[in-house]
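# What the coordinates show
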Amino acid sequence: MRETDLAGLLDRVRSGDSLAIARAITAIENATPLGADLRLAVRGASGLCQTLGVTGPPGAGKSSLVSALISILLEQYPRIGVLTVDPSSPVSGGAVLGDRVRMAAHSRDPNVFIRSLAARGHLGGVTRTTRGVIDILAAAGFDLVIVETVGTGQSEVAVAGITDVKLVVCPPGLGDDMQAIKAGVLEIADLLVVNKADLPDAGRTAGYLKAMLYHRGHDETRAVLLASATTGDGLKELAEAVDARFAALGAANPGEAHLIVTRDVLADDAADLIRAFIRHADIDRLCGTVGRGELTHREGAIAAVNLFVDSQGSKE
């Protein structure tokens, strides 16, 4: 991919071209050299938009709630991107796409972009590429990006590192699933919402969650709300609570793109570039040389890095 092609794709992404956005996300998901270049080109762009993480146990109705909430949030956020991290097929590695099907009502809305990302074995459902995809949507001018994750568990706290506000969706009568929330997700939740509030035990579940927050000493900004994606009850209050939380975090008016650059950040960036090159370059002969023992694995790795460096010089 020539530098001019990368620049052209970025220009189309920044103009809001849906096809270009989809192509860019695919390149990032597939860890291609173009995808690695795109990730670096838009690193930190997520500071230009709001980000909302949505998690909760399977069956809580996360996708239905997000779909219903989008209609209200569009009044405040003109363009909304939704990333649903789905379980991966053990055969193809692709996403199951169940969450995207449940949001079909918004599929024809030009102001809503919905994309399923395959978890691909990542614990908690937040993939390594999710941050890069958020940056792409932010660079494309989306005002709000919602990230819905696979399910709940200790590993789900990973969503806390990539979104501004974290929303945990709970069904009435959690039972044993409450233990999963207590294990870690409760600690990162900004808002807890009991979905399917029209069902029995919804009020009791909300009361239990409030008691848990109280005993753990959380401040009042960590609210517990009741809502129903089916009837629409509580959705307006939930949207207002999300806005209030953004404002409390000082994120109501995002500024310029930003990223704190550390040695680890640069190391990850370098690794992404080299890994993408090696996976897609024609280096079968080098692999064979190492496999036959003519080069050690360390010598082979250094040779692969040198090939990457030489390929970068050829672009100039």
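The residue numbers shown here count from 1 along each chain, following its written sequence. Only residues with pLDDT of 70 or above have their local features reported here, since the model is predicted, and side-chain atom pairs are shown and tallied only from 80 upward, although totals for entire chains, interfaces and linings are computed over all residues. Hydrogens and water molecules were not included; the side-chain quantities draw on all heavy atoms of the structure.

Right, let's talk about the overall build of the chain for a bit. Runs of E in the DSSP output that reach at least two residues are strands. Runs of H or I that reach at least four are helices, and both are numbered from the N terminus. On a plain count of helices and strands, the chain comes out with 12 helices and 7 strands. In this scheme, a residue with accessible area under 20% of its type's maximum is buried, one over 50% is exposed, and one in between is partly exposed, where area comes from a 1.4 Å probe on protein chains only. Burial status across the chain gives 46% buried among its 316 residues. A fraction of 78% describes how many contacts in the chain between residues 6 or more apart in sequence connect residues 24 or more apart. For the chain, the accessible surface area stands at approximately 15500 Å², while carbon and sulfur atoms represent 53% of it. Throughout, a residue-residue contact means that at least one pair of heavy atoms, one from each residue, lies within 4.5 Å. Exposure was quantified through the Shrake-Rupley algorithm and a 1.4 Å probe, taking into account, for residues, occlusion by the shown protein chains and nothing else.

We now examine the confidence of the model for the chain. Any segment with low pLDDT has predicted coordinates that should not be analysed in fine detail. Taken over all residues, the pLDDT of the chain has a mean of 81, while the share at 70 or more is 75%. The element-level mean pLDDT for the chain is lowest in helix H5 (residues 98–102), coming to 53, with helix H11 (residues 284–291) highest at 95. The predictor reports its confidence for every residue as pLDDT, a score running from 0 up to 100. Confidence over residues 89–96 falls short of pLDDT 50; this stretch has 14 contacts with residues more than four positions distant or in other chains.

Take the packing of helix H10 (residues 263–280) against helix H12 (residues 297–313) next. Helix axes are fitted only over the stretch in contact, all axes being lines through C-alpha atoms; the angle between N-to-C directions runs from 0 to 180 degrees. Where H10 meets H12, the closest approach of the two axes is 10 Å, and the angle between their N-to-C directions is 95°. With respect to H12, the element H10 is oriented roughly perpendicular. Residue-level contacts link Leu 273, Ile 274, Phe 277 and Ile 278 of H10 to Ala 304, Val 305, Leu 307, Phe 308 and Ser 311 of H12. Residues were grouped as follows: Ala, Val, Leu, Ile, Met, Phe, Trp, Tyr, Cys and Pro as nonpolar; Asp, Glu, Lys and Arg as charged; and all remaining residues, including Gly, as polar. Of the residues contributing to the contact of H10 with H12, the split by class is 8 nonpolar, 1 polar and no charged. Should an angle lie under 35 degrees it is considered roughly parallel, over 145 roughly antiparallel, and from 65 to 115 roughly perpendicular; all remaining angles are considered oblique.

By nonpolar core is meant a set of buried Ala, Val, Leu, Ile, Met, Phe, Trp, Tyr and Cys residues that side-chain atoms within 4.5 Å join together. One finds Ile 21, Ile 25, Leu 38, Leu 83, Ile 136, Leu 137 and Val 145 to be the most contacted residues of the largest nonpolar core, which totals 30 residues. Looking at this core, the elements with two or more residues in it are helix H1 (3–14), helix H2 (18–29), helix H3 (33–41), strand S2 (80–86), strand S3 (112–118), helix H6 (130–139) and strand S4 (144–148). Setting aside anything within four residues of it in sequence, one finds Leu 137 in contact with Ile 21, Ile 25, Gly 81, Leu 83, Phe 113, Phe 142 and Val 145. Judged by nonpolar contacts, the second largest core, of 29 residues, contains Ala 60, Leu 238, Val 242 and Phe 246.

Two aromatic rings, drawn from Phe, Tyr or Trp (for Trp, its six-membered ring), form a pair once their centres lie within 6.5 Å of each other, and the interplanar angle then sorts them: stacked below 30 degrees, edge-to-face above 60, tilted otherwise. Enumeration over the complete set of coordinates arrives at 3 aromatic pairs. In this analysis the charged atom, NZ for Lys or CZ for Arg, is taken to sit over a ring once it is within 6 Å of the ring centre and within 35 degrees of the ring normal. Its end group placed over the ring of Phe 142, Arg 79 keeps NZ or CZ at 4.1 Å from the ring centre.

Let us look at unusual backbone geometry. A positive phi angle is found at Lys 196, which is not glycine, with a value near 60°. With respect to the secondary-structure elements, Lys 196 resides in the loop between strand S6 (191–194) and helix H8 (202–215).

As for its placement among the helices and strands, Asn 111 is situated in the loop between H5 and S3. For Asn 111, a relative accessible area of 33% translates into the label partly exposed. Sequence-wise, Asn 111 and Tyr 77 are 34 residues apart; in three dimensions their C-alpha atoms are separated by 9.5 Å.

What follows covers the pattern of salt bridges. By definition, a salt bridge exists where a carboxyl oxygen of Asp or Glu is found within 4 Å of a side-chain nitrogen of Lys or Arg. The final tally for this structure, using the stated rule, is 9 salt bridges. In this structure, Asp 269 and Arg 43 form a salt bridge, with 2.3 Å as the shortest nitrogen-oxygen distance. With Asp 269 in helix H10 and Arg 43 in the loop between H3 and strand S1 (50–55), this pair connects stretches of sequence that are 226 residues apart. Members of the salt-bridge network, linked through shared partners, are Arg 39, Asp 272 and Arg 275.

Our next topic: a negative patch on the surface. On the surface, Asp 198, Asp 233, Glu 237 and Glu 240 cluster together into a patch of negative charge. Residue position: Asp 198 is located in the loop between S6 and H8. Residues enter patches when their relative accessible area tops 30% and they take part in no salt bridge; the joining distance is 9 Å for like charges and 5 Å for the nonpolar side chains Val, Leu, Ile, Met, Phe, Trp and Tyr. Neither His nor the chain ends is counted toward charge; the positive residues are Lys and Arg and the negative residues Asp and Glu. To locate a charge, the coordinates of NZ of Lys, CZ of Arg, CG of Asp or CD of Glu are taken.

Let's shift gears to the pairing of S6. Burial along S6 is two-sided: the residues Leu 191 and Val 193 and Leu 192 and Val 194 are all buried. Strands were regarded as paired on the criterion that DSSP finds at least two bridges between them. Examined bridge by bridge, strand S5 (residues 165–170) and S6 share 4 bridges and lie parallel to one another. By the bridge assignment, Val 169 is partnered in S6 with Val 193. Across 4 bridges, S6 lies against strand S7 (residues 223–226) in parallel orientation. For Leu 192, the partnering residue across the bridge sits in S7 and is Val 224.

This part takes up the environment of Thr 230. One can find Thr 230 in the loop between S7 and helix H9 (235–248). Through-space distance from the C-alpha of Thr 230 to that of Gly 61 is 9.8 Å; in sequence the pair is 169 residues apart.

Now for the pairing of S5. Summarising burial for S5: 6 of the 6 residues are buried, a large majority. The alternating pattern of S5 places Val 165, Leu 167 and Val 169 and Lys 166, Val 168 and Cys 170 on opposite faces, both of which are buried.

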